[in-house]
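Secondary and tertiary structure notes
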Amino acid sequence: MTTEQYPSWLCLKTAPELPLRACLELLSVYPQPEEFVGVAQHPIYHSGLLKANTAEHLKKAVLPGNMPQIQQLMRHHEIKCLSYHEYPARLREIFAPPLLLYVRGEIEPALKQKALAVVGTRKPTAYGREMCRKLLVPLCEKQVSIISGLALGIDTVAHTTAVQNGALTLGVLASGLDIIYPAQNLELSRKIISSGALISEFEPGAKPDRWNFPARNRIISALSDAVFIVEGPITSGALLTAKNAIEQNKEICALPGNINNINAEGPNHL
């Protein structure tokens, strides 16, 4: 997406009374927002496809109040934005695909290979850490790409193992790509960018609010060929990722664990 196209897409994304499904149906008829956003005479405004508030928003090309900051952060951090038409096809196939995908690094090389999503608890056992590394090393050596969420615990082990063993890796964030969360993984994030990419559907400047994490998980599973659940309670985000993977018809792998350990609940259930 060009710098000139981006404001039109962001205007569309932030339009009131325009649910995602309706937005995607709109794009199937008028695929290029820059052709109708801010163009009052465009036939879309007489088509009956838009509610009054939505049409007014698009006609006036209304943008978020922090648009200058968003653009500055994109330039400073070298963040690219891919539209629904541009990002990997496997991501468009899920129930609620993002309208926009922000990227720092290169996403395509990692997805030209087999890709394994690795997820698990932020507080893994020594067994979980050891087995995660042990099982991922030979896959990394076979050039399997590793996808995870850059969180503490299993995510960090997965990304680090990939970086140390020459594999491409993608980190999917629950915040804007200028905000590395947790901060302890700042140096790791730089290594991920040089051997893959950081990815987010959230605009630069967006904080890692708690409700962003479940949304983030569907992207982790969607980009992968299979999902590996290492450790996590049955109510954990790792199990939510597994649920997404099942809905997306992905292969699921799980590390069995001690039945007395709460971190083994999720994988043993699977």
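Analysis parameters
- Residues numbered from 1 in each chain as written.
- Predicted model: local features only at pLDDT ≥ 70, side-chain atom pairs only at ≥ 80, totals over all residues.
- Heavy atoms only, no water.
- Helix = DSSP H or I, 4+ residues; strand = E, 2+ residues; numbered from the N terminus.
- Rg over C-alpha atoms; globule rule 2.2 N^0.38 Å.
- Buried < 20%, exposed > 50% of the residue type's maximum accessible area, 1.4 Å probe, protein only.
- Contact = heavy atoms within 4.5 Å.
- Pairing = 2+ DSSP bridges.
- Axes fitted to C-alpha atoms, helices over the stretch in contact; angles between N-to-C directions.
- 1 Å grid on protein atoms, 1.4 Å probe; cavity = no way out; pocket = protein on both sides within 12 Å on 5 of 7 lines; lining within 4 Å.
- Points joined across faces, edges and corners; volume = space filled by probe spheres on them.
- Nonpolar A, V, L, I, M, F, W, Y, C, P; charged D, E, K, R; others polar.
- Core = buried A, V, L, I, M, F, W, Y, C linked by side-chain atoms within 4.5 Å.
- Phe/Tyr/Trp six-rings, centres within 6.5 Å; stacked < 30°, edge-to-face > 60°.

What to know about the overall build of the chain
Across its full length, the chain holds twelve helices and eight strands. For a compact globule of 270 residues, the expected C-alpha radius of gyration is about 18 Å, and the chain comes in at 20 Å, within 12% of that figure. For the C-alpha atoms alone, the extent of the chain along its principal axes is close to 65 × 35 × 30 Å. Per-residue burial over the chain gives 51% buried out of 270 residues.

Structural notes on the environment of Phe36
By the secondary structure assignment, Phe36 is in the loop between helix 2 (20-29) and helix 3 (52-59). Note on Phe36: relative accessible area 0%, which makes it buried. Taking C-alpha positions, Phe36 is 10.0 Å from Leu12, a pair spaced 24 residues apart along the chain. If we skip the residues at most four places from it in the chain, Phe36 touches Leu12, Leu26, Tyr30, His42, Ile44, Tyr45 and Leu58.

Side note on the sheet that holds strand 7 (residues 226-229)
Strand pairing in a sheet is mediated by backbone hydrogen bonds. Such pairs are either parallel or antiparallel. With mixed pairing, the eight strands of this open sheet are ordered in space as 1-2-6-5-4-3-7-8. Both edges of this open sheet fall to strand 1 (80-83) and strand 8 (251-254), since each of them pairs with a single strand only. Strand-to-strand twist in this sheet, taken as the mean axis angle between neighbours without regard to direction, amounts to 25 degrees.

Quick word on the layout of surface pockets
Looking at the largest pocket, its volume works out to about 290 Å³. Every residue lining the largest pocket is counted, 18 residues in all, and those nearest its centre are Gly120, Arg122, Arg216, Gly237 and Ala238. When contributions to the lining of the largest pocket are tallied by element, the ones reaching two or more residues are helix 10 (212-223) and helix 11 (237-247). Among the residues forming the lining of the largest pocket, the class breakdown is seven nonpolar, seven polar and four charged.

A word on unusual backbone geometry
Across the chain, the bulk of peptide bonds are trans and the bulk of non-glycine residues have phi less than zero. Following Tyr181, the chain continues into Pro182 via a peptide bond in cis, with omega recorded as 0 degrees. Take Pro182: it is sitting in the loop between strand 5 (169-172) and helix 9 (186-194). One non-glycine residue with positive phi stands out, namely Gln143, at about 65 degrees. With respect to the element layout, Gln143 can be found in the loop between helix 7 (126-141) and strand 4 (145-148).

Quick word on the nonpolar core
Of all hydrophobic cores here, the largest spans 62 residues; its most connected members are Tyr6, Leu12, Phe36, Leu58, Tyr102 and Ile147. The element contributing the most residues to this core is helix 1 (residues 6-13), with five residues. In terms of nonpolar packing, the next biggest core, distinct from the first, is built from 17 residues, Met131, Cys140, Ile154 and Val230 among them.

Some points on the packing of aromatic side chains
Under the definition given, this model contains four aromatic pairs. Measuring from centroid to centroid gives 6.4 Å for Tyr30 and Phe36, while their planes differ by 65 degrees, and the two rings are edge-to-face. Summarising the aromatic geometry, the rings of Tyr84 and Tyr87 are spaced 6.0 Å apart at their centres and angled 85 degrees between planes, so their arrangement reads as edge-to-face. Comparing Tyr84 with Tyr87, the two get one shared label, buried.

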